[in-house]
Amino acid sequence: MRLQRFLAAVAALGLLTALNLLVWRQDFFSLPVLVAVAAAVVASGGWAVAALVDLASRQAAGPRAAGALSAVLSSAIFLCICLVVYALIQSSGYSADLTEEGRRTLAPQTVQVLQALTEEVQVKCIFLQIDDELIRIARDKTLRFLDQCREYTDLLKVTQLDPQVDRPQLEAMNISHVAEQGTIVVAAGTRQKVITLSGGSPRLEERDFTNALINVLRGAQPKAYFLHGHSEREVGDKEGEDGAA
């Protein structure tokens, strides 16, 4: 009986650990998840064997004990089937957006822009390599979003940069400051757009990324116009109340 309780506890702990790791890593085939699942399966199998031996050794067990064992084994088999089905769906790349605001589905405008790409667009993801929860969340969400975008075009090239190691590349892009929670550079040819991540739940927002794509692909730079001859302030005058500079 002690062995059965121990194995049941190990199986339950392994299953609970596997589910938590699965939610955290979003990858069933990652090593920690597989180890936890394997521990739960082995412990469950050991418990089933021990229960069968105990049941066979007690003649007076009766139909109640047999029914309980059958229910437990059926539950274990059903759980294994669910895990296998989940693994197949995960490996196929299928996903469903169940969020009310559609956070996991790209907007039609973004899809249209991605599918209309005719030149290569470089996306440089610059994150500090430190042990910080917000940075990890920002990096994971950003890369997951960019993976969604790459499903619609082969011209989107994503690269991760470490500001402490890849300093020459940052200098070549004229990036002198990197936001603590991450900086994204979208570039096409000689044109580029810099997006800084911030907030309590930092991520690369879809609207910012789409606007950056449109900006670098059009190559249009914003222009400012000034009127003269109507008593306006002088644009180049840096001194006095009459100056606008």
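Scroll up to find the structure.
Residues numbered from 1 in each chain as written. Predicted model: local features only at pLDDT ≥ 70, side-chain atom pairs only at ≥ 80, totals over all residues. Heavy atoms only, no water.

1. Some thoughts on the overall build of the protein chain
Rule in force here: In this description a helix means any DSSP run of H or I spanning at least four residues, a strand means any run of E spanning at least two, and both kinds are numbered starting from the N terminus. The classification of residues rests on relative accessible area computed with a 1.4 Å probe and restricted to protein chains. Under 20% of the type maximum is buried, over 50% is exposed, and intermediate values are partly exposed. The contact criterion used is simple: two residues touch if any of their non-hydrogen atoms lie within 4.5 Å. Accessible surface area values rest on a Shrake-Rupley calculation with a 1.4 Å probe, where residue burial reflects the displayed protein chains alone.
The number of helices and strands found in the protein chain is seven helices and four strands. When the helices and strands of the protein chain are listed from N to C terminus, the series reads α-α-α-α-β-α-β-α-β-β-α. The buried share of the protein chain, reckoned over its 245 residues, is 29%. Pairs at least 24 apart in sequence give 59% of the contacts found in the protein chain among residues at least 6 apart. As displayed, the protein chain offers around 16400 Å² of accessible surface, 57% of which is attributable to carbon and sulfur atoms.

2. Some remarks on the sheet that holds strand 3 (residues 183-188)
Our working definition: When DSSP finds at least two bridges between two strands, those strands are taken to pair. All axes are obtained by fitting lines to C-alpha atoms, using only the stretch in contact for helices, and the reported angles, taken between N-to-C directions, cover 0 to 180 degrees.
With respect to topology, four strands assemble into an open sheet ordered 2-1-3-4, the strand pairing being mixed. What marks the edges here is a single partner per strand, and that holds for strand 2 (156-161) and strand 4 (191-196). Strand-to-strand, the axes of this sheet are offset by a mean angle of 20°, without reference to chain direction. Against the sheet, helix 5 (residues 133-150) contacts strand 1 (121-126), strand 2 and strand 3, and its axis sits at roughly 165° relative to strand 2.

3. Here's the deal with the nonpolar core
Applied cut-off: Only buried residues count toward a nonpolar core. Its members are Ala, Val, Leu, Ile, Met, Phe, Trp, Tyr and Cys residues joined through side-chain atoms within 4.5 Å.
In terms of nonpolar packing, the biggest core is built from 25 residues, with L114, V121, V123, I184, V186, L204 and F209 touching the most fellow members. Contributions of two or more residues to this core are made by helix 4 (108-115), strand 1, helix 5, strand 3 and helix 7 (206-218). It is helix 5 that provides the largest number of residues to this core, a total of five residues. If we skip the residues at most four places from it in the chain, F209 touches L114, V123, F145, L146, C149, L156, V186, I195 and L204. Core analysis: the second largest hydrophobic core is formed by seven residues, I126, L161, L170 and V178 among them.

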